[in-house]
Amino acid sequence: MILDKLGQFLEHKTLVFGIAYRMTGSVSDAEDIVQESFLRWERSGNENIRSPKAFLSTIATRLSLDMLRKVKNKRETYIGPWLPEPIPTSSDTEEPDPETLDLAFLHLLEKLNPIERAVFILRESFDLDYKLISEAVGKTQDNCRQTLKRAKDSLKSGRKKFSPDKETKRKLLHSFLLAASKGQPELLLPFLKEDIELWSDGGGKVHAARIPLFGKERIASFLIRTSRNRLFSKTEFFFTETNGSESIIVYHRDRPVYLRSYLMDENGISYIYTMMNEDKFSAYKDKNDLLERGILVPLEFFLLFPKSASANRQPPVWTKPLLKLVHWAISRKK
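What you see is a predicted model, and the numbers here were worked out from it, not measured in a lab.

1. A short note on the overall build of the protein chain
- Along the backbone of the protein chain there are 13 helices and seven strands.
- Per-residue burial for the protein chain yields a buried fraction of 51% across its 334 residues.
- Taking as baseline every contact in the protein chain between residues at least 6 positions apart, the subset at least 24 positions apart corresponds to 65%.
- As displayed, the protein chain offers around 16900 Å² of accessible surface, 51% of which is attributable to carbon and sulfur atoms.

Have a look at this one:
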């Protein structure tokens, strides 16, 4: 019986984490919710539970709503923009709705109140029925339908589709990074969309832009200027995929200190998200494990051999001298 219950929970663990992470935007909070959901699942004992999926979805949703209430004041007094905590993904990651996992969309969800957010996620991300949703949020089914419509209306103006395949996006990022290495803002303009937005999250712990930046000329100048930051000396650069988007992450003494994620369509880069708050790198702390799994690929290898790096292949030994040269080129002060 105990093994049966454990097996049922493990079967739905990804669902519990997916709900909690999309609701809270925090890996650590989502992991806490997964743990508490398991404890409550265990304590349910021999109760006649018809649907473990419905039971665990309801627990995850209610715990997430409680968590959002607890952190409300903290987020209202947060220094600078609050961005969702990034998580590593790969081609092997199975997601029911990748669109609602990207950082731009999770950031957009902050416009919704907790109940609207819960209804939207349960219905749009996980396609749960209104009966289950109404029980999870404590509202009638008709009320949930109205809430979903309101949520969709609120998100409509800011919702963008990111449709290119991975090869197209990685080619674009590769060309963009090579252009950026020359230190001239005008070379970046062809890769940036007119309505591009750049958001940074330092959490008041490090120096970061406290307001979002808009417009490709301003953002191009900002990117070149900040590339001379002393932060990038004595560091390791890696190409990775974050929340389904191509990203660059920087490690200093095996500790993640900086992550920049690029969201793009076939016409160029639409959003750039920069994470510098050290409290939000919990999913990236174990560098060696991520390297072994192919989640991290040395950026130098990506720049030299983009197709091999995109296939999560690690650099052959013979490339080491070349990689050292490229590392010097991208980390030097321009």
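The structure having been displayed, the exposition proceeds.
2. Observations regarding the sheet that holds strand 2 (residues 213-214)
- If you walk across this open sheet you meet the seven strands as 2-1-6-5-4-3-7, and the pairing is mixed. This sheet does not close on itself; its edge strands, each paired only once, are strand 2 and strand 7 (297-298).
- As judged from the seven bridges shared by strand 5 (residues 255-265) and strand 6 (residues 268-275), these two strands associate in the antiparallel manner. Counterpart to arginine 260 in the pairing with strand 6 is threonine 274.

3. Here's the deal with the pairing of strand 5
- Of all eleven residues in strand 5, ten are buried; the element is thus mostly enclosed.
- Where strand 4 (residues 245-252) hands over to strand 5, the hairpin turn is made up of two residues, of which arginine 253 adopts a positive phi near 55°.
- Counting the residues that bridge the hairpin from strand 5 to strand 6 gives two residues.

4. Examining helix 5 (residues 114-125)
- Over its twelve residues, helix 5 runs 15 Å from end to end, which matches the ideal 16 Å to within 8%, given 1.5 Å per residue.
- Most of helix 5 sits inside the fold, with nine of its twelve residues counted as buried.
- Within helix 5, burial applies to Ile115, Glu116, Arg117, Ala118, Val119, Phe120, Ile121, Leu122 and Ser125.
- Looking one or two residues beyond helix 5, the residue adopting positive phi is aspartate 127, at roughly 55°.

5. Considerations on the environment of glutamate 186
- If you trace the backbone, glutamate 186 turns up in the loop between helix 8 (166-180) and strand 1 (192-201).
- Each C-alpha atom, one on glutamate 186 and one on serine 221, is 8.2 Å from the other, the two residues being 35 residues apart in sequence.

6. Side note on the nonpolar core
- Of all hydrophobic cores here, the largest spans 45 residues; its most connected members are Leu109 and Phe120.
- Of all the secondary-structure elements, those providing two or more residues to this core are helix 1 (2-24), helix 2 (27-43), helix 3 (52-76), helix 4 (103-108), helix 5, helix 6 (130-137) and helix 7 (141-156).
- Here this core gets nine residues from one element, more than from any other, and that element is helix 3.
- Apart from residues lying up to four places away in sequence, leucine 109 is in contact with Arg22, Arg117, Phe120, Ile121 and Leu155.
- In terms of nonpolar packing, the next biggest core, distinct from the first, is built from 36 residues, Phe176, Ile196, Leu198 and Phe301 among them.

7. Concerning the pattern of salt bridges
- Inspection of every chain in the model, using the stated rule, returns 23 salt bridges.
- The partner of glutamate 246 in a salt bridge is arginine 170, with the nearest N and O atoms 3.1 Å apart. Taken as a pair, glutamate 246 in strand 4 and arginine 170 in helix 8 lie far apart in primary sequence, 76 residues in all. The same class applies to glutamate 246 as to arginine 170, namely buried.
- Residues joined in a network through salt bridges with shared partners are Lys166, Lys169, Arg170, Glu241 and Glu246.

Procedures and definitions
Residues numbered from 1 in each chain as written. Predicted model: local features only at pLDDT ≥ 70, side-chain atom pairs only at ≥ 80, totals over all residues. Heavy atoms only, no water. Helix = DSSP H or I, 4+ residues; strand = E, 2+ residues; numbered from the N terminus. Buried < 20%, exposed > 50% of the residue type's maximum accessible area, 1.4 Å probe, protein only. Contact = heavy atoms within 4.5 Å. Areas by Shrake-Rupley, 256 points an atom, 1.4 Å probe, with all protein chains shown as cover. Pairing = 2+ DSSP bridges. Expected span 1.5 Å × (residues − 1). Core = buried A, V, L, I, M, F, W, Y, C linked by side-chain atoms within 4.5 Å. Salt bridge = Lys/Arg side-chain N within 4 Å of Asp/Glu carboxyl O.

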